[in-house]
Amino acid sequence: MPDRLPDKTQNDWLCIVKQMAEEIKYGTISIVVQDGKVVQVEQNKKVRLSN
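Reading the values: rules and limits
Residues numbered from 1 in each chain as written. Predicted model: local features only at pLDDT ≥ 70, side-chain atom pairs only at ≥ 80, totals over all residues. Heavy atoms only, no water. Helix = DSSP H or I, 4+ residues; strand = E, 2+ residues; numbered from the N terminus. Buried < 20%, exposed > 50% of the residue type's maximum accessible area, 1.4 Å probe, protein only. Contact = heavy atoms within 4.5 Å. Areas by Shrake-Rupley, 256 points an atom, 1.4 Å probe, with all protein chains shown as cover. Pairing = 2+ DSSP bridges. Arc of directions from axis to C-beta.

A. Representation of the overall build of the chain in the model. When helices and strands are tallied, the chain shows one helix and two strands. What you see in the chain, going N to C, is helices and strands ordered as α-β-β. Within the span of the chain, comprising 51 residues, buried residues form 14% of the whole. Excluding contacts between residues fewer than 6 apart, the proportion of contacts in the chain whose partners are at least 24 apart in sequence is 8%. Approximately 4800 Å² of the chain is accessible, and the part contributed by carbon and sulfur atoms is 46%.

Shown next as structure tokens:
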């Protein structure tokens, strides 16, 4: 996923979140809102280790 979203996808954040959710096995996805607009989507992946 690129660090910065192209202008044409600024209003398409829901598709980006959906794609992230489909690709991640464990972790979190955070949506950052500023002045009523989504300005950033963050993804934290976790790796689970088996004993």
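B. Examining the pairing of strand 1 (residues 27–34) more closely. Both strand 1 and strand 2 (residues 37–45) contribute to a ladder of eight bridges, which runs antiparallel. Among the inter-strand pairings, Thr 28 is bridged to a residue of strand 2, identified as Asn 44. Following strand 1, the chain reverses through two residues before pairing antiparallel with strand 2; Asp 35 in that reversal takes a positive phi of roughly 55°.

C. Summary view of unusual backbone geometry. One non-glycine residue, Asp 35, adopts positive backbone phi at about 55°. Following the sequence through the fold, Asp 35 ends up in the loop between strand 1 and strand 2. Given a relative accessible area of 76%, Asp 35 falls into the exposed group.

D. Here's a closer look at helix 1 (residues 13–23). Looking only at helix 1, the buried set comprises Ile 16, Val 17 and Met 20. In an axial view of helix 1, the angular spread of the buried residues amounts to 95°, which keeps them on one side of the axis. Opposite the packed face of helix 1, turned more than 90 degrees from it, sit the exposed residues Leu 14, Lys 18 and Glu 22. Considering only its buried residues, helix 1 is in contact with strand 1 and strand 2.

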